[in-house]
Amino acid sequence: MNPLVLSMDEIINAVCLHIAERKSVRVQEVQVELSWDEDTGYTAEVWVQGRSQYLVESNLIEAILRYAYSEYGVRAFPESVRLELDEEITAVIAA
């Protein structure tokens, strides 16, 4: 089976949906900025109601897995998600 590849926009959507549900706010109230750094790896800074929070790679993968299941019906394990950086950050899910 071909892997599912999520674009950077889809990863941002996944994080927005995940955080909105956890914080009980509307999706429109969540802002996300993804980044990659040599020391910290893949991270996201999230703003909700004027407060910021940092998510590490495992948090991103959790949001991606939930998104893949809700949007594509793909059930996967955290080990099957690989984040990649080319011109933008993408997520490759070996389903």
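The rules we used
Residues numbered from 1 in each chain as written. Predicted model: local features only at pLDDT ≥ 70, side-chain atom pairs only at ≥ 80, totals over all residues. Heavy atoms only, no water. Helix = DSSP H or I, 4+ residues; strand = E, 2+ residues; numbered from the N terminus. Salt bridge = Lys/Arg side-chain N within 4 Å of Asp/Glu carboxyl O. Buried < 20%, exposed > 50% of the residue type's maximum accessible area, 1.4 Å probe, protein only. Pairing = 2+ DSSP bridges. Axes fitted to C-alpha atoms, helices over the stretch in contact; angles between N-to-C directions. Contact = heavy atoms within 4.5 Å.

### Some details on the environment of Leu-6
Positionally, Leu-6 belongs in strand β1 (residues 4-6). Considering only alpha carbons, one finds Leu-6 and Ile-93, 87 residues apart in sequence, at a separation of 8.1 Å.

### As for the pattern of salt bridges
Taken as a whole, this structure holds three salt bridges when the rule is applied. In this structure, the salt-bridge partner of Arg-66 is Glu-21, at a minimum N-O distance of 2.6 Å. With Arg-66 in helix α2 (residues 57-72) and Glu-21 in helix α1 (residues 8-23), the pair connects residues that are 45 residues apart, well separated along the chain. Using a relative accessible area of 34% as the deciding quantity, one classes Arg-66 as partly exposed.

### Concerning the sheet that holds strand β5 (residues 81-85)
Strand order in the open sheet formed by three strands is β1-β6-β5, with antiparallel pairing between adjacent strands. Here the strands that pair on one side only, and so sit at the sheet edges, are β1 and β5. Neighbouring strand axes in the sheet, compared pairwise and without regard to direction, differ in orientation by 25° on average. For β1 and strand β6 (residues 89-93), the ladder comprises three bridges, and the chain directions are antiparallel. From the neighbouring strand, Leu-4 faces β6, where its bridge partner is Ile-93. Contacts from α2 reach β1, β5 and β6, with the element oriented near 110° to β5.

### With respect to the sheet that holds strand β3 (residues 41-48)
Strand order in this open sheet of three strands is β2-β3-β4, and the pairing throughout is antiparallel. Each edge of the sheet is formed by a strand with only one pairing partner; in this case those strands are β2 (30-37) and β4 (51-55). The mean inter-strand angle of the sheet, taken between neighbouring strand axes irrespective of direction, is 20°. The sheet contact formed by β2 and β3 spans eight bridges and is antiparallel. Of the residues in β3, the one forming a bridge with Gln-31 is Trp-47. The sheet strands contacting α1 are β2, β3 and β4, and the helix crosses β2 at an angle near 125°.

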